[in-house]
Amino acid sequence: MPPFRLSAGILLYRRRRDELQVLLVHPGGPFWAARDKGAWQIPKGNVELGEEPPEAARREFREEVGSDPPGALEPLGRIRQSGGKWVEAFAVAGDLDPAGLVSTWCDMEWPPRSGRTISIPEVDRAEWFNLAAARIKMLASQQPLLDRLQKLASA
């Protein structure tokens, strides 16, 4: 049985003209370059050994977006992605300019099984979406987070 895989991430949200908007990021690299619908996601990443999910979510946000999340974490619970990895998500009310995105870089083998390594940004862009647009752009397995955020924001 494979080890339990857990990621943690943050769904940043704001209100504009009485409309809820969320900040989503687009993964960097050649695999995702031509993908748009169903590719965007929350800034997230692996929870390291000895790390708690809230700490990991804040660290991953900082690594992928380039700034600290601007507010208090509100739990959204866990979802299971199509690949089997669990994601513990948190909502944060706040604002930031996506033009200021500064993502960390990582190495990957490309093309697959070529033995060649390239460096890519973890995230190549970020953008604000209303919930209807986010449902189209977002990974299907992360879309339940939008429903949870909507409940949280209306409470």
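Enquirer: Would you mind going over the overall build of the protein chain with me for this structure?
Expert: For the protein chain, the count of helices and strands is three helices and eight strands. For the protein chain, the succession of helices and strands along the chain, N to C, is β-β-β-α-β-β-β-β-β-α-α. Computed over its C-alpha atoms, the radius of gyration of the protein chain comes to 15 Å, within 12% of the 15 Å expected for a compact globule of 155 residues. Long-range pairs, those at least 24 residues apart, make up 64% of the contacts in the protein chain between residues at least 6 apart in sequence. Just so you have it, the protein chain exposes about 8,400 Å², and 52% of that area is on carbon and sulfur atoms. Averaged over its 21 positive side-chain charges, the protein chain has a centre that lies 7 Å from the centre of its 21 negative ones.

Enquirer: Looking at this structure, I do not really get the pattern of salt bridges. What am I missing?
Expert: Think of it this way: side chains of opposite charge can pair up when their charged atoms draw near. Counting across every chain of the model gives 10 salt bridges. Taking the shortest distance from any N to any O, the salt bridge between E63 and R59 comes out at 3.4 Å. One end of the pair, E63, and the other, R59, are both in helix α1 (residues 53-65), four residues apart, so they sit about a helical turn from each other. Residue R78 pairs with E88 through a salt bridge whose shortest N-O separation is 2.9 Å. Of this pair, R78 sits in strand β4 (residues 74-80) while E88 sits in strand β5 (residues 86-93), and the two are 10 residues apart along the sequence. Since its relative accessible area comes to 37%, R78 is described here as partly exposed. Using a relative accessible area of 17% as the deciding quantity, one classes E88 as buried.

Enquirer: What's the story with α1 in this structure? I'm lost.
Expert: The end-to-end C-alpha distance of α1, which contains 13 residues, comes to 18 Å, matching closely the 18 Å that a straight helix rising 1.5 Å per residue would cover. Within the span of α1, buried status applies to P53, A56, A57, R59, E60, F61, E64 and V65. As for α1, its buried residues are in contact with β1 (6-16), β2 (19-27), β3 (44-46), β5 and β8 (123-130).

Enquirer: For this particular structure, what's the right way to read the packing of aromatic side chains?
Expert: Between two aromatic rings, the relevant description is the distance of the centres plus the angle of the planes. On inspection of all chains with the given rule, the structure shows two aromatic pairs. Between the aromatic rings of F31 and W32, the centroid separation amounts to 5.2 Å while the plane-to-plane angle is 85°, which identifies the pairing as edge-to-face. The interplanar angle of 80° and the centroid separation of 5.1 Å between the aromatic rings of W40 and F129 together place this pair among those described as edge-to-face. One end of the pair, W40, is in the loop between β2 and β3; the other, F129, is in strand β8, with 89 residues separating them in the sequence. Take W40 and F129: they sit in the same class, and that class is buried. It is R35 that lies over the ring of F31; its NZ or CZ is 4.0 Å from the centre.

Enquirer: I tried to follow the nonpolar core on my own but got confused; where do I start?
Expert: If you look at soluble globular proteins, the nonpolar side chains tend to sit buried side by side. Formed by 20 residues in total, the largest nonpolar core has its most connected members in L11, V22, L24, I42, L145, L146 and L149. Of all the secondary-structure elements, those providing two or more residues to this core are β1, β2, β4, β5, α2 (131-137) and α3 (144-154). Core analysis: the next-biggest nonpolar cluster, separate from the first, contains 16 residues, L12, F61, F90 and L101 among them.

Enquirer: Just to check I follow, could you spell out the side chain of S103 for this structure?
Expert: Examined against the element boundaries, S103 turns out to sit in the loop between β5 and β6 (105-109). In this structure the side chain of S103 is engaged in a polar contact, spanning 3.4 Å, whose partner is the backbone nitrogen of E122. From its side chain, S103 meets the backbone nitrogen of V123 in a polar contact 3.1 Å long.

Enquirer: How should the layout of surface pockets be read in this particular structure?
Expert: Rolled over the atoms, a probe as big as a water molecule pinpoints where empty space is left. Within this model, the largest pocket holds a volume of roughly 680 Å³. The wall of the largest pocket is formed by 26 residues, among which P27, W32, Q41, K44 and E122 lie closest to the centre. Of the residues belonging to the lining of the largest pocket, the class tally is 10 nonpolar, 10 polar and six charged.

Reading guide: rules and limits
Residues numbered from 1 in each chain as written. Predicted model: local features only at pLDDT ≥ 70, side-chain atom pairs only at ≥ 80, totals over all residues. Heavy atoms only, no water. Helix = DSSP H or I, 4+ residues; strand = E, 2+ residues; numbered from the N terminus. Rg over C-alpha atoms; globule rule 2.2 N^0.38 Å. Contact = heavy atoms within 4.5 Å. Areas by Shrake-Rupley, 256 points an atom, 1.4 Å probe, with all protein chains shown as cover. Lys, Arg positive; Asp, Glu negative; His and termini not counted. Charge placed at Lys NZ, Arg CZ, Asp CG, Glu CD. Salt bridge = Lys/Arg side-chain N within 4 Å of Asp/Glu carboxyl O. Buried < 20%, exposed > 50% of the residue type's maximum accessible area, 1.4 Å probe, protein only. Expected span 1.5 Å × (residues − 1). Phe/Tyr/Trp six-rings, centres within 6.5 Å; stacked < 30°, edge-to-face > 60°. Lys NZ or Arg CZ within 6 Å of the ring centre and 35° of its normal. Core = buried A, V, L, I, M, F, W, Y, C linked by side-chain atoms within 4.5 Å. Polar contact = N/O pair within 3.5 Å; in protein donor to acceptor, adjacent residues only side chain to side chain. 1 Å grid on protein atoms, 1.4 Å probe; cavity = no way out; pocket = protein on both sides within 12 Å on 5 of 7 lines; lining within 4 Å. Points joined across faces, edges and corners; volume = space filled by probe spheres on them. Nonpolar A, V, L, I, M, F, W, Y, C, P; charged D, E, K, R; others polar.

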